[in-house]
Amino acid sequence: TLKGHEDSVISVVFSPDGQQLATASTDNTARVWDAATDKLLNTLKGHEDWVMSVVFSPDGKQLATASTDNTARVWDAATGNLSHTLKGHEDSVISVVFSPNGKQLATASIDKTARVWDAATGKLLHTLKGHEDSVISVVFSPDGKQLATASIDKTARVWDAATGKLLHTLKGH
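Residues numbered from 1 in each chain as written. Predicted model: local features only at pLDDT ≥ 70, side-chain atom pairs only at ≥ 80, totals over all residues. Heavy atoms only, no water.

Outline the overall build of the chain, supporting the account with residue identities and numerical values.
The number of helices and strands found in the chain is 0 helices and 16 strands. Across its three principal axes, the chain shows a C-alpha extent of roughly 45 × 30 × 30 Å. Buried positions account for 49% of the 173 residues belonging to the chain. Considering only contacts within the chain whose residues lie at least 6 apart along the sequence, 33% involve residues at least 24 apart. Within the structure as shown, the chain displays about 8,500 Å² of accessible surface, and the carbon and sulfur contribution to it stands at 49%. (Helix = DSSP H or I, 4+ residues; strand = E, 2+ residues; numbered from the N terminus. Buried < 20%, exposed > 50% of the residue type's maximum accessible area, 1.4 Å probe, protein only. Contact = heavy atoms within 4.5 Å. Areas by Shrake-Rupley, 256 points an atom, 1.4 Å probe, with all protein chains shown as cover.)

Which residues make up the sheet that holds strand β14 (residues 146-151), and what are the values?
Read from one edge to the other, the open sheet built from 4 strands follows the order β13-β14-β15-β16, with strand pairing classed as antiparallel. Both outer strands of the open sheet, β13 (135-140) and β16 (166-170), are each paired with one neighbouring strand and no more. Across the sheet, the mean angle separating the axes of adjacent strands is 20° when strand polarity is ignored. Of the pairings in the sheet, the one linking strand β15 (residues 156-160) to β16 comprises 4 bridges and is antiparallel in character. Looking across to β16, one finds that tryptophan 159 is bridged to leucine 166. (Pairing = 2+ DSSP bridges. Axes fitted to C-alpha atoms, helices over the stretch in contact; angles between N-to-C directions.)

Got a sec to walk through the environment of threonine 71? Specific residues and values, please.
In this structure, threonine 71 sits in strand β7 (residues 71-76). Using a relative accessible area of 7% as the deciding quantity, one classes threonine 71 as buried. Sequence separation between threonine 71 and aspartate 49 is 22 residues, and the spatial gap between their C-alpha atoms is 9.7 Å. For threonine 71, the contacting residues outside a window of four places in its chain are His47, Thr65, Ala66, Thr85, Leu86, Lys87 and Val93. A polar side-chain atom of threonine 71 sits 3.4 Å from a polar atom in the side chain of histidine 47. A distance of 2.6 Å separates polar atoms of two side chains, one belonging to threonine 71 and the other to aspartate 69. (Polar contact = N/O pair within 3.5 Å; in protein donor to acceptor, adjacent residues only side chain to side chain.)

With reference to specific residues and values, describe the sheet that holds strand β10 (residues 104-109).
Within a beta sheet, neighbouring strands are joined by backbone hydrogen bonds and run either parallel or antiparallel to one another. Ordered by their spatial adjacency, 4 strands build an open sheet running β9-β10-β11-β12, and the pairing between neighbours is antiparallel. Edge positions in the sheet fall to β9 (93-98) and β12 (124-129), since each of these pairs with one other strand and no more. Taking each pair of neighbouring strands and ignoring which way they run, the sheet shows an average axis angle of 20°. Note that strand β11 (residues 113-118) and β12 share 5 bridges and pair antiparallel. Bridge pairing links arginine 115 to threonine 127 in β12.

Which residues make up the pattern of salt bridges, and what are the values?
Any two side chains of opposite charge can pair if their charged atoms end up close together. According to the stated counting rule, one finds 2 salt bridges in the structure shown. The partner of arginine 31 in a salt bridge is aspartate 27, with the nearest N and O atoms 3.8 Å apart. Note on accessibility: arginine 31 and aspartate 27 belong to one class, buried. (Salt bridge = Lys/Arg side-chain N within 4 Å of Asp/Glu carboxyl O.)

Function-wise, these values are silent; they only describe arrangement.
Here's what the structure looks like:
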């Protein structure tokens with residue numbers, strides 16, 4: 001049992017090697033734990049509101065968090081130090097994911113957009129616009145060439161990850 005958060009835990013993920021767990025909480029932090037011993041390794045502080053999602057990079061060297069403070073953040077997984085803050089969303093960021101090669105991040109927001117960022121620099125690469133309501137989930141295809149977004153507008157959309165161009169809208173829900 002991983003104890004230490006001061007409020008609800010709403011996201012959890014294993015590191016790629018299975019040695020660590022990361023948790024995200026409504027106490028405005030994410031935490032990194034040793035999966036074998038339950039020992040707290042790092043507390044990631046800096047968000048000003050709930051941390052909705054946490055994810056490890058494919059190589060396990062970085063963590064990304066998404067928050068209702070309208071930002072996503074990238075952290076050094078070993079030290080817990082903040083690498084950079086991804087700013088630009090106009091409302092809560094609900095989901096964050098690394099591309100399969102770890103070079104990009106994608107975020108999904110209540111502001112009806114998803115965004116693609118350079119994971120090393122935090123530079124905004126693309127803003128994916130077209131949904132008519134909150135975007136609540138985003139995922140890269142296994143080859144990293146496409147992104148899919150899911151929205152409260154009853155659609156999912158597929159985008160070209162390199163250009164940000166809309167490829168398909170999946171309706172029918």
